[in-house]
Amino acid sequence: MSQPATKKKSKLLTISNLVSRRAPRDYPQAVHDLVVQVKSYLNRAAIDDIVEAYKLGAWAHRNQFRKSGDPYITHPVQAASLLADFHLDKTTIIAAILHDTLEDTEVTYQDLDDKFGKEVADLVDGVTKIGQIEFETKEHAEAENIRKMLLAMSRDIRVMLIKLADRLHNIRTLDSMPRNKQLRIAGQTLDIFAPIANRLGLNQWANELQDLSFKTMYPKRYEKLVKTLDRKQGNRKAILTKIKISIKEHLRAANIKARVYSRKKNIYSIYRKMQKKAVSLDEIRDIYGLRIIVDSRDHCYLTLGAIHSLYKPVANRFKDYIAIPKINGYQSLHTTVFGSFGEVLEIQIRTEKMHHLSETGVAAHWYYKSFGGESNIAPQEHARQWLVDLLDTQKQAGNPSEFLEHLKVDLFPDEVYVFTPKGDIKKLPQGATALDFAYSIHSEIGNSCIGIEVNGSPVPFYTQLKSGDHVKIQTDKHSVPSPTWLNYVKTAKARASLRSFLHGNRRSDSIKLGQKLLERELKEEGLALSAITEERKSALIERIDLGSWDDLLADIGQGKRLPLVVMYQLIDDVCGIRLKAEPSPLTIEGSEGVMVNFARCCHPIPGDEILGYFAEGKGVVIHTQSCPNRAEYSKHPEKWIPVTWSKDIDRSFPVTLRMDTKNKPGVLASLATVIAANHSNINTVSVEERDGKFSIIRFTIEVENRTHLATIIRKIRALEGVIKISRVKG
Ligand code: MN
């Protein structure tokens, strides 16, 4: 199964080596531009990595071209440039360059992980997942849910920043696309992405996304507005210039350093204003204005005084957003004055920092960080810091804000958003399972659930849902819920529905249900309950410390015990199966005294997310959550048992690694040395030669847990001649 992937990877390595010999002057201009940009804030090593990312991207997209005829790679490189404007970190720049490789090329997650590390691989994966969500623009409430879903999916805020840069570049270069695609992208951008950018405080991007989408959707209206605005501005250009000069002179005399420039409101916001207030363009007054940037907060107020002494302010139009910032953190002084020729003019005054924050929002923190050298601050920490700053400014202003609470939920979601088969979005708490989803639709749906598909494949009922999942429930009217489901649900609603069903059962019903469930299990094994002797029953009841046989059946009927487990406890030594396990390193709910095995397909080690599968004759077999055979086992959801690792595990576990090496003498010896030095042993080893130059070495070693494994992998990766190393699963 892993064969094609192997071939693909070695090809990738060879070609990327070839590419690296090519002289940099062959690179498209966009790459040179990007390098110049990142040089201003990243070190040499980081720039080398970025160029490596370009080489991989250029190779991966080598056969693709943009509609304009440019090589495809210019698109992701230019998207990366947009992020470099904000001084985003190296990881983000690399991920942006590679953001379309997983979706459109043969590059795999593993390739990215091997070459650039897990962070880059996860970012690209996140961007890809957002891109795969299909949504048509819908009514307001639905759009809001989609926005939340997308933010929830990009748990690392940098995923959304890359997606927004991707979208901004796409929409800048929309012209050569077919009309229907243009309309779809523009509509989506206006409804979903521009508001997200706005919410994150990226006003500069939000404005451009809006204007360009608006232009695409309503070219005639846009054209007309622009023309009218240009004409109006043309008339006033000379006047504006005069006013600018006189303000500058005035400020210079007052010893205030300032930049003064005229600004135009964004077209879309003018359009919206006209629509909302049902007014014509002539009736909108603050279309033109001046912006004055000074170097301190005090100078903002001094500048305001200077302006008011120069021009007469319009009454009631002064706003102090410095003392009382807008809800998204925006700070400025706004005033409207009568210019020297009687025309009305809006003036904004702010500091450089206020200006930057108001344009770049959540991204601003990377910018300021970049002047303090390489930073280790986590991306979510940047987002959190931004929120804290916003909250602070709001608090000072005595304006506790719902918006911020709302934003917090979006940035640090404790909810997941999933699709129903009809394409509606359902909100569930973080950690909710597929079964919770069934109950969230209706308790009847939950109670009669017989199968669940997530993204087209059947899954165990307790599978945790992720934002963006498509979930489909199969029901059967005659089916009743299993008491074991209580282990599988997380939401109060599902639990309550299940409880009420099970409790609705009188004790006699629970006993009956327990007996039915136990009989069904025994039947699978070719046995009948009547064949179990009374002594055997009493022995079991005594062993697990219950009062009576009926207590045991009632326990099963109420979901306190798994019928499968009881069945095995009961037939212990009938079939010669060893049920008394050695002291198990696992805690398994409801599995007292049952044998535990570790799957050979995926070799779980402590730290891995695991699942227990009840296999006849083998007890509980532990698989990793990501086991490639999981789909196969998922056909029997009732046999899965939730398991967790216990805290004090005192043994080691086998794990298989695969290493691609150059054929050099001594590779195996240095490998063995590293492994021994890190307190592990090689159990087995196999070497497979590839075209004389490379070898693939597969070996199994014993490790204590994931941390131990990660240390060993890191040490091996650093060895001379090792091209890549990865854990083999399945
Ligand atoms: Mn793209």
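Residues numbered from 1 in each chain as written. Predicted model: local features only at pLDDT ≥ 70, side-chain atom pairs only at ≥ 80, totals over all residues. Heavy atoms only, no water.

### Let's talk about the pattern of salt bridges
Point 1. By the definition in use, this model includes 21 salt bridges.
Point 2. Where salt bridges share partners, they join Asp 89, Glu 119, Asp 156 and Arg 158 into one cluster. (Salt bridge = Lys/Arg side-chain N within 4 Å of Asp/Glu carboxyl O.)

### Some points on the sheet that holds strand β10 (residues 457–458)
Point 1. Taking strand neighbours across the sheet as the criterion, the 3 strands line up as β10-β9-β11 in an open arrangement whose pairing is antiparallel. Two strands lie at the open edges of the sheet, namely β10 and β11 (471–475), each paired on one side alone.
Point 2. The sheet contact formed by strand β9 (residues 449–454) and β11 spans 5 bridges and is antiparallel. For Ile 452, the partnering residue across the bridge sits in β11 and is Ile 473.
Point 3. Across the sheet, helix α20 (residues 434–441) is in contact with β9 and β11; its angle to β11 comes to roughly 75°. (Pairing = 2+ DSSP bridges. Helix = DSSP H or I, 4+ residues; strand = E, 2+ residues; numbered from the N terminus. Contact = heavy atoms within 4.5 Å. Axes fitted to C-alpha atoms, helices over the stretch in contact; angles between N-to-C directions.)

### Some details on the coordination of the manganese ion
Point 1. For the manganese ion, the full set of protein donor atoms is His 75 (NE2), His 99 (NE2), Asp 100 (OD) and Asp 166 (OD), at a range of 2.2 to 2.3 Å.
Point 2. In the primary structure, the donors to the manganese ion are separated according to the pattern H-x23-H-D-x65-D. Here His 75, found in helix α4 (residues 74–85), pairs with His 99, found in the loop between α5 (90–97) and α6 (101–104); they are 24 residues apart in sequence, far enough to count as distant.
Point 3. Judged by relative accessible area, His 75 falls into the buried class, the value being 0%.
Point 4. His 99 gets classed as buried once you look at its relative accessible area, which sits at 2%. (Donors = N, O, S within 2.8 Å, 3.2 Å for Na, K, Ca; no water. Buried < 20%, exposed > 50% of the residue type's maximum accessible area, 1.4 Å probe, protein only.)

### Quick look at helix α11 (residues 179–199)
Point 1. Here α11 spans 29 Å end to end across 21 residues, near enough to the 30 Å set by a 1.5 Å rise per residue.
Point 2. Along α11, the sharpest change in direction is near 50° and occurs at Thr 189.
Point 3. One or two residues past the end of α11 sits Gly 201, with phi positive at roughly 80°. (Expected span 1.5 Å × (residues − 1). Bend = angle between axes of the 7 residues up to and from the residue.)

### Brief notes about the environment of Leu 387
Point 1. With respect to the helices and strands, Leu 387 occurs in helix α18 (residues 379–396).
Point 2. Classification of Leu 387 by relative accessible area gives buried; the value is 3%.
Point 3. In this structure the C-alpha to C-alpha distance between Leu 387 and Leu 200, which are 187 residues apart in sequence, comes to 9.5 Å.

### Quick look at the environment of Glu 119
Point 1. Along the chain, Glu 119 turns up in helix α8 (residues 118–132).
Point 2. Residue Glu 119 is classed as partly exposed on the basis of its relative accessible area of 44%.
Point 3. With 24 residues separating them in the primary sequence, Glu 119 and Ala 95 have C-alpha atoms 8.6 Å apart.
Point 4. In this structure, Glu 119 is in contact with Thr 91 and Arg 158, ignoring residues within four places of it in sequence.

### Quick look at the pairing of strand β18 (residues 653–662)
Point 1. Most of β18 sits inside the fold, with 8 of its 10 residues counted as buried.
Point 2. Pairing of β18 with strand β20 (residues 694–703), which is carried by 10 bridges, proceeds in the antiparallel orientation. Bridge assignment links Val 655 to a residue of β20, and that residue is Ile 701.
Point 3. Across 5 bridges, the pairing between β18 and strand β21 (residues 722–727) is antiparallel. Paired with Met 659 across the strands is Ile 725, a residue of β21.

### Some remarks on the environment of Trp 549
Point 1. With respect to the helices, strands and loops of the structure, Trp 549 is situated in helix α25 (residues 549–557).
Point 2. For Trp 549 and Ile 511, which are 38 residues apart along the polypeptide, the C-alpha to C-alpha distance reads 9.4 Å.
Point 3. Not counting residues within four places of it along the chain, the set of residues in contact with Trp 549 comprises Leu 518, Leu 529, Lys 537, Ile 541 and Leu 570.

### Side note on the packing of aromatic side chains
Point 1. Counting across every chain of the model gives 10 aromatic pairs.
Point 2. Between the aromatic rings of Phe 214 and Tyr 268, the centroid separation amounts to 5.6 Å while the plane-to-plane angle is 55°, which identifies the pairing as tilted. With Phe 214 in helix α12 (residues 203–217) and Tyr 268 in helix α14 (residues 267–277), this residue pair connects regions lying 54 residues apart in the sequence.
Point 3. Classification of Phe 214 by relative accessible area gives buried; the value is 0%.
Point 4. Classification of Tyr 268 by relative accessible area gives buried; the value is 12%.
Point 5. The rings of Phe 214, Tyr 218, Tyr 222, Tyr 268 and Tyr 271 are connected pair by pair, giving a single aromatic cluster.
Point 6. The positively charged end of Arg 66 is found above the aromatic ring belonging to Tyr 72, 5.9 Å away from the centroid. (Phe/Tyr/Trp six-rings, centres within 6.5 Å; stacked < 30°, edge-to-face > 60°. Lys NZ or Arg CZ within 6 Å of the ring centre and 35° of its normal.)

### Looking at the pairing of strand β7 (residues 415–419)
When a strand is regular, its side chains alternate between the sheet's two faces.
Point 1. Most of β7 sits inside the fold, with 5 of its 5 residues counted as buried.
Point 2. Side-chain alternation along β7 places Glu 415, Tyr 417 and Phe 419 on one buried face and Val 416 and Val 418 on a second face that is also buried.
Point 3. Pairing analysis gives 5 bridges linking β7 to strand β8 (residues 425–429), with the strands arranged antiparallel. Each residue of the ladder has a partner; that of Val 418, found in β8, is Lys 426.

### Observations concerning the sheet that holds strand β19 (residues 682–690)
Point 1. With antiparallel pairing, 4 strands are arranged side by side in an open sheet as β19-β20-β18-β21. Unpaired on one side and paired on the other, β19 and β21 mark the two borders of the sheet. Between one strand axis and the next, the sheet turns through 20° on average, direction left out of account.
Point 2. Along the sheet, helix α28 (residues 667–677) makes contact with β18, β19 and β20, crossing β20 at roughly 20°.
Point 3. Where helix α29 (residues 706–717) meets the sheet, its contacts fall on β18, β20 and β21, and the angle it forms with β21 comes to roughly 165°.

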